Structure formats: C-alpha cells, structure tokens
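Report on the structure
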Amino acid sequence: MVHDDRYFMQKALEQAEKAKEKGEVPIGAVIVRDGEIIGSGHNLRETTKDPTSHAEMIAIREASEHLGGWRLIGSTLYVTLEPCPMCAGAIVQSRIERVVFGVGDPKAGCAGTLMNLLEEQRFNHQAEVVEGVMAEECSEILKQFFRELRERRKREKVGRME
C-alpha cells in the first residue's frame, strides 16, 4: 500500500499527541523509508531535562538504530513543526533526503523561515524541503497547548494571590 505525505504527517501528529499527554510541547516526528516507519519520536525536553530531546532527534536515533547505521539515505522525515538549527544539522548529518513539515517556526525555523540549513549548498548534503502539509492541524495542536498552558498558569497565579 502506498501512503502519501498526509498519511505520515498524521502519524507525526499522533506522536505530538503523546508529547501533549506528558505535558510536553506537542511536536512529533516520524522517519519513513520504503513506505515503512523506521523511527518515531515526540518532544521530551521537560521529561528528560535534556535540551536535545526534540522529536526529530529521537526519531533519528531510533531510525539509525533500526537500520544499524547513521546514514538515513532514502528516508523522509515528517515533523509537525519546522526543524530548529540543532535538528536541521542532525538531518544534514544523517543524510535524510526529504523533510516534510507542517507549520513554520518563526522563532527557530531552519528549513526556510529564519534560514534554510537543509538546502544550503555549501554543505556536503542537502535535503528536499516540503512545507505546509496538514499545516492547520499542526498549528492547532500547538495553539491549543499554549492556550491551555496560559490558562493554567493564570489560575495558579490567582490561586497564590488568594
């Protein structure tokens, strides 16, 4: 069965839901090669207290382990939020061929928003970038998370003042 970008972005959104359930910023990623998910991850920075525990980094580690090597040639990374500089660097280093993301990141996006490290010709590897797949759904899960976080903090602040 052949799947399209929306199918695999939905799988990345399922990973984002797992992050949300843990109180993490809801970002999810899956890596696909030959139509099979070989790595998946969701944001775990708060849980692990590790700044490298981004969804993409976890998915890259899992995919590398699955393949028994660091070269992820022939693979596509699906991620709900545009990769940051750290993740973009790891994508280039791991030789991922294609990156599909849902929504841009105006604060740290390095797949076209602030800069494009993935298609930088001075590097020895470039990845094709596709943006905007299921953008509305990817944006909504983030907006909802931060809206709920603000409300919770507001209630906690009021509770402390009483």
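Residues numbered from 1 in each chain as written. Predicted model: local features only at pLDDT ≥ 70, side-chain atom pairs only at ≥ 80, totals over all residues. Heavy atoms only, no water.

Brief notes about the layout of surface pockets
Looking at the largest pocket, its volume works out to about 300 Å³. Forming the boundary of the largest pocket are Val25, Leu81, Val103, Gly104, Asp105, Pro106, Lys107, Ala108, Ser139, Leu142, Lys143 and Phe146. Take the lining of the largest pocket: its biggest share by element is four residues, from helix 5 (residues 135-161). Here the lining of the largest pocket is composed, by residue class, of seven nonpolar, two polar and three charged. Partitioned by chemical class, the residues of the lining of the second largest pocket number eight nonpolar, two polar and four charged. (1 Å grid on protein atoms, 1.4 Å probe; cavity = no way out; pocket = protein on both sides within 12 Å on 5 of 7 lines; lining within 4 Å. Points joined across faces, edges and corners; volume = space filled by probe spheres on them. Helix = DSSP H or I, 4+ residues; strand = E, 2+ residues; numbered from the N terminus. Nonpolar A, V, L, I, M, F, W, Y, C, P; charged D, E, K, R; others polar.)

Focus: the pairing of strand 2 (residues 36-42)
The buried fraction of strand 2 amounts to five of the seven residues, a majority that puts the element mostly inside the structure. Note that strand 1 (residues 28-33) and strand 2 share six bridges and pair antiparallel. Bridge pairing in strand 2 links valine 32 to isoleucine 37. Where strand 1 hands over to strand 2, the hairpin turn is made up of two residues, of which aspartate 34 adopts a positive phi near 55 degrees. (Buried < 20%, exposed > 50% of the residue type's maximum accessible area, 1.4 Å probe, protein only. Pairing = 2+ DSSP bridges.)

Here we look at the nonpolar core
Counting residues in each nonpolar core, the largest one holds 42 residues, and the members touching the most others are Ile31, Ile91, Ile96 and Leu118. Of all the secondary structure elements, the ones that give two or more residues to this core are helix 1 (5-21), strand 1, helix 3 (55-67), strand 3 (75-81), helix 4 (85-94), strand 4 (98-103) and helix 5. Among residues more than four places away in sequence, those in contact with isoleucine 96 are Ile31, Ile60, Leu72, Ser75, Thr76, Leu77, Ile91, His125, Gln126 and Ala127. (Core = buried A, V, L, I, M, F, W, Y, C linked by side-chain atoms within 4.5 Å. Contact = heavy atoms within 4.5 Å.)

Brief notes about the UniProt feature "active site" (unreviewed entry) in the protein
Under the UniProt annotation, "active site" (unreviewed entry) lies at Glu56. Checked against the element boundaries, glutamate 56 lands in helix 3. The exposure class assigned to glutamate 56 is buried, which follows from its relative accessible area of 3%. Excluding residues within four positions of it along the chain, glutamate 56 makes contact with Ala29, Leu77, Val79, Leu81, Glu82, Pro83 and Cys87. (UniProt positions renumbered as here; feature names shortened; annotations may be inferred.)

What to know about the environment of valine 92
Checked against the element boundaries, valine 92 lands in helix 4. Each C-alpha atom of the pair valine 92 and histidine 125 lies 5.9 Å from the other, and the pair is 33 residues apart in sequence. Residues contacting valine 92, with those up to four places away along its chain left out, are Leu117, Leu118, Phe123 and His125.

Brief notes about unusual backbone geometry
Positive phi is not limited to glycine here, since aspartate 34 has a value of about 55 degrees. Exposure remark for aspartate 34: the relative accessible area of 76% places this residue in the exposed category. One non-glycine residue with positive phi stands out, namely arginine 95, at about 70 degrees. Mapped onto the elements, arginine 95 comes out in the loop between helix 4 and strand 4.

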